[in-house]
Amino acid sequence: MAKLLNNTIFCIFFTIAFLSLAKLLSFYLSIPFPLKYISLIPLLPLIINFLYVKPQNNLPPGPTAVPIFGNWLQVGSDLNHQLLATMSQTYGPIFLLKLGSKNLAVVSNPELANQVLHTQGVEFGSRPCNVVFDIFTGNGQDMVFTIYGEHWRKMRRIMTLPFFTNKVVHQYSDMWENEMDLVVNDLKNEKVKYEGIVIRKRLQLMLYNIMYRMMFDAKFESQNDPLFIEATKFNSERSRLAQSFDYNYGDFIPLLRPFLRGYLNKCKDLQTRRLAFFNNYFVEKRRKIMAENGEKHKICCAIDHIIDAEMKGEISEQNVLYIVENINVAAIETTLWSMEWAIAELVNHPIVQQKIRDEISTVLKGKSVTESNLHELPYLLATVNETLRLHTPIPLLVPHMNLEVAKLGGYIIPKETKVVVNAWWLANNPAWWKNPNEFRPERFLEEDSSTEAAVAGGKVDFRYLPFGMGRRSCPGIILALPILGLVIAKLVSNFEMQAPPGVEKVDTSEKGGQFSLHIAKHSTVVFKPIAA
């Protein structure tokens, strides 16, 4: 009886705290505090008592949680890779945070990363729910964020054949190089030579054309093409809404979700218009061509193959659109971020630029760099690896989840825990890397020479996982690595890349989001042509 009385008093205290927080959110977020929620006051002690889960035995260490809020009030919403790396130094290589109604387990060493991604890959092979990503993935109708099971296996198989095989790379590599050569030609003008250019914009057009030619057999004419402007605008707004930490409070604590109604409606409206854009201007065009050709139609792009799978009843019409959604975000945006990082680091390290030029000249003896001879250029490939190590584009990888209670590192992981592997910390921890803050491609040819195999399909070094590992790894590795290598090679071969006049070095400050890590300020770069 005394225990029940203590719990009730404790719950009433947190009821008052909840109402105070709600009014504060109402004031600072300019959201009217609905009077109808006052009627919840008598029920809140019971709700809180019901939600207050007594600590289980043998859970991973972590800060002490309080009812309703868990650790949210202690750690905040901005659960970025650097904060979690700092916490790992206090709580160990695996620790547990209680975030409202959700559990978050953070893994920060190679051995445990191996268990999550590989050894226990089936147990931790699912994806957690998220109120915003549920909207942008149609509650798991895509491939990247769907739960582990038959639907995921089917979607992965259907996406792999037209996008992620060596045959596809060889089929499209000439087209990639053609698009890159157009970039080189555009950069050979006087203004770029002296004043510089925000290179992201031109690279963005190049990447969209590479992926849209592969996906739809279509391309954009220029940066001023209305369809290109529309596509980039839609994808940029989607990234802004999905990557923000601003909605975490409503995702963590269901009682606060009413305050998210406006945010979620924005997401729903954007996704409706965005999917309609993809469908009306690209997917339906291919459907029409396939229908007109009938049995004589020859599959000539990825979406033809995917529509064919739909016509055979393997996937739905909505699944087709969510595959397009995944490619727009996962294949285009992440590769673009890595290109920006690579160029910024090369501008700040002219000696690395020269070493790449010397290698190309010595090895290829006047021949052009192509996808087929990239493997002959180890220093160039080391530069790609070093960029992905220092600036891991998805620093916490895509989150994992265990559908049932699991064991990890000797601890109990509660059912449906969100599990993240801090890949950025694995690749930047001074305990495992010599001078990790330095941009030094040589490390992949010297003390860490075996690490290259990790991204080339050989023995895996779990300190270095820019694409994840195992069943839920990113299949885009087979496209991203050669595209990054080719772009760097073509730019360095044709130009000396420098900071703009009056600037000693370009800014490489980072800006993170829920999943991504990209450069905070898009760099202006001077491209001085190298005499033939």
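Since this is a predicted model, take the numbers as computed values, not measurements.

> Explain the pairing of strand β11 (residues 524–529) to me, and be specific about the residues and the numbers.
Bridge count between strand β3 (residues 197–198) and β11: two bridges; the pairing is antiparallel. Paired with Ile197 across the strands is Val525, a residue of β11. Sheet topology places strand β8 (residues 495–498) next to β11; four bridges connect them, and they run antiparallel. Across the sheet, residue Met497 finds its bridge partner in β11, namely Phe527.

> If you had to explain the sheet that holds strand β7 (residues 418–421) to someone new, which residues and values would you point to?
Backbone hydrogen bonds are what pair the strands of a sheet, in a parallel or an antiparallel way. The mixed open sheet is built from four strands, whose spatial order is β1-β2-β7-β4. With one partner strand each, in any of the chains shown, β1 (94–99) and β4 (400–401) form the two edges of the open sheet. Judged from the two bridges that link them, β4 and β7 form a sheet pairing that is antiparallel. Counterpart to Met401 in the pairing with β7 is Lys418. Sitting on the sheet, helix α4 (residues 81–91) is in contact with β1, β2 (102–107) and β7, with an inclination near 115 degrees to β1. Of the strands in this sheet, β1, β2, β4 and β7 touch helix α5 (residues 110–119), which is tilted by about 125 degrees from β7.

> Describe helix α8 (residues 166–187), with residues and values.
With 22 residues, α8 ought to run about 32 Å at 1.5 Å a step, and its terminal C-alpha atoms sit 31 Å apart, in line with that. The sharpest bend along α8 comes to roughly 45 degrees, located at Tyr172. Taken together, the buried positions of α8 are occupied by Val168, Val169, Tyr172, Ser173, Met175, Trp176, Glu177, Glu179, Met180, Val183, Val184 and Leu187.

> Any chance you could break down the packing of helix α7 (residues 150–163) against helix α15 (residues 317–348) for me, citing the residues and the numbers?
For the pair α7 and α15, the least separation of the axes is 12 Å and the interaxial angle reads 60 degrees. The two elements α7 and α15 cross, and the hand of that crossing is right-handed. Here His151, Met155, Ile158, Met159 and Phe163 of α7 come into contact with α15, specifically with Asn319, Ile323, Asn326 and Ile327. Considered class by class, the residues forming the contact of α7 with α15 number six nonpolar, three polar and no charged.

> Describe the packing of helix α14 (residues 302–311) against α15, with residues and values.
The relative placement of two packed helices is expressed as an angle between their axes plus a distance between the axes. For the pair α14 and α15, interaxial distance at closest approach is 9 Å and the crossing angle is 155 degrees. In this view, α14 runs roughly antiparallel relative to α15, as classed from their interaxial angle. At the point where α14 passes α15, the crossing takes the right-handed sense. Packed against α14, whose contacting residues are Ile303, Ile306 and Glu310, the element α15 presents Glu317, Val320, Ile323 and Val324 at the interface. Class assignment of the residues belonging to the contact of α14 with α15 gives a composition of five nonpolar, no polar and two charged.

> Tell me about helix α16 (residues 350–364), and please be specific about residues and values.
Here α16 is 15 residues long and its end C-alpha atoms lie 21 Å apart, about the 21 Å a rise of 1.5 Å per residue gives. Taken together, the buried positions of α16 are Val352, Gln353, Ile356, Arg357, Glu359, Ile360 and Leu364. All buried residues of α16 project into a common sector of 160 degrees when viewed along the axis, lining one side. Exposed positions of α16 whose direction lies more than 90 degrees from the buried face are Ile351 and Thr362. Those residues of α16 hidden inside the fold are in contact with α15, α17 (378–390), α19 (477–494) and β8. Directly beyond the C-terminal end of α16, a positive phi value near 50 degrees is found at Lys365.

> Could you give an account of the nonpolar core, with specific residues and numbers?
Grouped together as the largest cluster of nonpolar side chains are 141 residues, with contacts concentrated most on Trp176, Tyr212 and Met214. Once residues within four sequence positions are removed from consideration, Tyr212 is found in contact with Asp217, Ala218, Phe220, Ala231, Phe278, Phe282, Asn328 and Ile332. One finds Leu397, Leu408, Val419 and Leu465 within the second-largest nonpolar core, a separate group that totals 19 residues.

> Tell me about the pairing of β2, residues and numbers included.
On a regular strand, each side chain points to the face opposite its neighbour's, so the side chains alternate between the two faces of the sheet. Buried residues dominate β2, accounting for five of its six residues. Both β1 and β2 contribute to a ladder of six bridges, which runs antiparallel. Opposite Ile94, over in β2, you have Val107 as the bridge partner.

> So what's going on with the sheet that holds β3? Which residues, and what values?
Taken in spatial order, the three strands of this open sheet run β3-β11-β8, and their pairing is antiparallel. At either margin of the open sheet sits one strand with a lone partner, and together these are β3 and β8. Of the strands in this sheet, β8 and β11 touch α19, which is tilted by about 100 degrees from β8.

> Would you mind going over the UniProt feature "binding site: heme" (unreviewed entry) in the protein in detail, with residue names and values included?
Within this structure's numbering, the places UniProt gives as "binding site: heme" (unreviewed entry) are Cys474. Examined against the element boundaries, Cys474 turns out to sit in the loop between α18 (423–428) and α19. Look at Cys474 and you get partly exposed, because its relative accessible area is 33%.

> Which residues make up the pattern of salt bridges, and what are the values?
One side chain can pair with another of opposite charge once the charged atoms of both are near each other. Counted under the stated rule, the structure contains 24 salt bridges. A salt bridge links Arg202 to Asp186; the nearest nitrogen and oxygen atoms lie 2.8 Å apart. Pair noted here: Arg202 is in helix α10 (residues 199–216) and Asp186 is in helix α8, with a separation of 16 residues, a long-range link. By relative accessible area, which is 42% here, Asp186 ends up partly exposed. Residue Arg440 is joined to Glu438 by a salt bridge in which the shortest nitrogen-to-oxygen separation is 3.7 Å. For Glu438, a relative accessible area of 36% puts it in the partly exposed group. A single network of salt bridges, built from pairs that share partners, joins Glu179, Arg213 and Lys219.

> Describe the packing of aromatic side chains, naming the residues involved and giving the relevant values.
A complete count under the given rule lists 23 aromatic pairs for this structure. Ring geometry for Tyr208 and Tyr212: centres 5.7 Å apart, planes at 35 degrees, overall tilted. Of the two residues, Tyr208 and Tyr212 both sit in helix α10, four residues apart, roughly one turn of that helix. Judged by centre distance (6.4 Å) and plane angle (65 degrees), the rings of Tyr208 and Phe220 are edge-to-face. Remark: Phe220 occurs in the loop between α10 and α11 (226–243) and Tyr208 occurs in helix α10; sequence separation between them is twelve residues. Summarising the burial analysis for this pair, Tyr208 and Phe220 share the class buried. Among the aromatic residues, those joined into a ring-pair cluster are Tyr208, Tyr212, Phe216, Phe220, Phe228, Phe234, Phe277, Phe278, Tyr281 and Phe282.

Thresholds applied
- Residues numbered from 1 in each chain as written.
- Predicted model: local features only at pLDDT ≥ 70, side-chain atom pairs only at ≥ 80, totals over all residues.
- Heavy atoms only, no water.
- Pairing = 2+ DSSP bridges.
- Helix = DSSP H or I, 4+ residues; strand = E, 2+ residues; numbered from the N terminus.
- Contact = heavy atoms within 4.5 Å.
- Axes fitted to C-alpha atoms, helices over the stretch in contact; angles between N-to-C directions.
- Expected span 1.5 Å × (residues − 1).
- Bend = angle between axes of the 7 residues up to and from the residue.
- Buried < 20%, exposed > 50% of the residue type's maximum accessible area, 1.4 Å probe, protein only.
- Left-handed = near helix turned anticlockwise from the far one by under 90°.
- Nonpolar A, V, L, I, M, F, W, Y, C, P; charged D, E, K, R; others polar.
- Parallel < 35°, antiparallel > 145°, perpendicular 65-115°, else oblique.
- Arc of directions from axis to C-beta.
- Core = buried A, V, L, I, M, F, W, Y, C linked by side-chain atoms within 4.5 Å.
- UniProt positions renumbered as here; feature names shortened; annotations may be inferred.
- Salt bridge = Lys/Arg side-chain N within 4 Å of Asp/Glu carboxyl O.
- Phe/Tyr/Trp six-rings, centres within 6.5 Å; stacked < 30°, edge-to-face > 60°.

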